Amino acid sequence: MQKTSDVLWQDTQHQTLFDLIERIKEVPFDPDILVRLKLYAEHHFILEETYMEALDYPYRSEHVAAHDRFREELAAMLETDPSMHKALQDSLSDFLYKWLKLHVLGIDKQLEAFVLESPLK
Ligand SMILES: [Fe+2]
Ligand SMILES: [Fe+2]
């Protein structure tokens, strides 16, 4: 994935998330990938949400709601067993990749700009 942010921790964490999402396509499927993705996404979302709270970020509720939708999607995926179908692995991975790309190049860029202008970067 291209660079997503000039805030170093934000870009590094996004790259790790994209790498984990790509690995959902691997055969044989490793069910731990979805668990690792869930844990890492939670770690990343909490850090962004901590910055939003600390900076009194004006678009916090919309951004947290977007994170919550991703959390719900991942939780639902953890209930499935994509190892049975390569096509399902690919579609889960593509769905998450597209969602994350839209998020990091959209709503996260607004947060990035706000963080860069703050004393907390
Ligand atoms: Fe992010
Ligand atoms: Fe975000």
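As the structure is a prediction and not an experimental result, all values here were calculated from the model.

Colleague: Sorry, what's going on with the coordination of the iron ion (ligand 2) here?
Modeller: Each donor-metal-donor angle in an ideal tetrahedron of four donors is 109.5 degrees, and each such angle in an ideal octahedron of six donors is either 90 or 180 degrees. The protein atoms that coordinate the iron ion (ligand 2) are E48 (OE), H63 (NE2), H67 (NE2), H103 (NE2) and D108 (OD), at distances spanning 2.0 to 2.2 Å. For the iron ion (ligand 2), all donor residues lie on one chain, and their spacing in sequence is E-x14-H-x3-H-x35-H-x4-D. Here the iron ion (ligand 2) and the iron ion (ligand 1) are spaced 3.5 Å apart, and both take E48 as a donor. In this pair, E48 is assigned in helix α2 (residues 32-54) and H63 in helix α3 (residues 60-78), connecting sequence segments 15 residues apart. Overall, E48 belongs to the buried group, its relative accessible area being 0%.

Colleague: Can you walk me through the packing of helix α1 (residues 8-23) against α2 in this structure?
Modeller: Two quantities define a packed helix pair, namely the angle between the helix axes and the distance between the axes. Running from N to C, α1 and α2 point in directions that differ by 160°, and their axes come no closer than 10 Å. Relative to α2, the element α1 lies roughly antiparallel. For the pair α1 and α2, the crossing hand works out as left-handed. Residues W9, Q10, Q13, H14, T16, L17, L20, I21 and R23 of α1 form the contact with α2, whose own contacting residues are I33, R36, L37, Y40, A41, H43, H44, L47, E48 and Y51. Considering only residue class, the contact of α1 with α2 consists of 10 nonpolar, six polar and three charged.

Colleague: What is the right way to read the nonpolar core from this model?
Modeller: Within soluble globular proteins, side chains that are nonpolar tend to cluster in buried spots. Counting 18 residues, the largest nonpolar core has I24, L37, A41, F70, L74, L96 and L100 as its most contacted members. Broken down by secondary-structure element, the contributors of at least two residues to this core are α1, α2, α3 and α4 (86-105). Take this core: its biggest share by element is five residues, from α2. With residues up to four places along the chain from it excluded, the contact list for L37 reads L17, L20, I21, I24, L74 and L96.

Colleague: Before we go on, may I ask you to explain unusual backbone geometry in this structure?
Modeller: The step from V27 to P28 runs through a cis peptide bond, and the omega angle for that step is 0°. Note that P28 resides in the loop between α1 and α2. The phi dihedral of D56 falls on the positive side, at around 50°, and the residue is not glycine. When you line up the elements, D56 lands in the loop between α2 and α3.

The rules behind these values
Residues numbered from 1 in each chain as written. Chains lettered and ligands numbered in written order. Predicted model: local features only at pLDDT ≥ 70, side-chain atom pairs only at ≥ 80, totals over all residues. Heavy atoms only, no water. Donors = N, O, S within 2.8 Å, 3.2 Å for Na, K, Ca; no water. Helix = DSSP H or I, 4+ residues; strand = E, 2+ residues; numbered from the N terminus. Buried < 20%, exposed > 50% of the residue type's maximum accessible area, 1.4 Å probe, protein only. Axes fitted to C-alpha atoms, helices over the stretch in contact; angles between N-to-C directions. Parallel < 35°, antiparallel > 145°, perpendicular 65-115°, else oblique. Left-handed = near helix turned anticlockwise from the far one by under 90°. Contact = heavy atoms within 4.5 Å. Nonpolar A, V, L, I, M, F, W, Y, C, P; charged D, E, K, R; others polar. Core = buried A, V, L, I, M, F, W, Y, C linked by side-chain atoms within 4.5 Å.

Treat this as a map of the structure, not an account of what it does.
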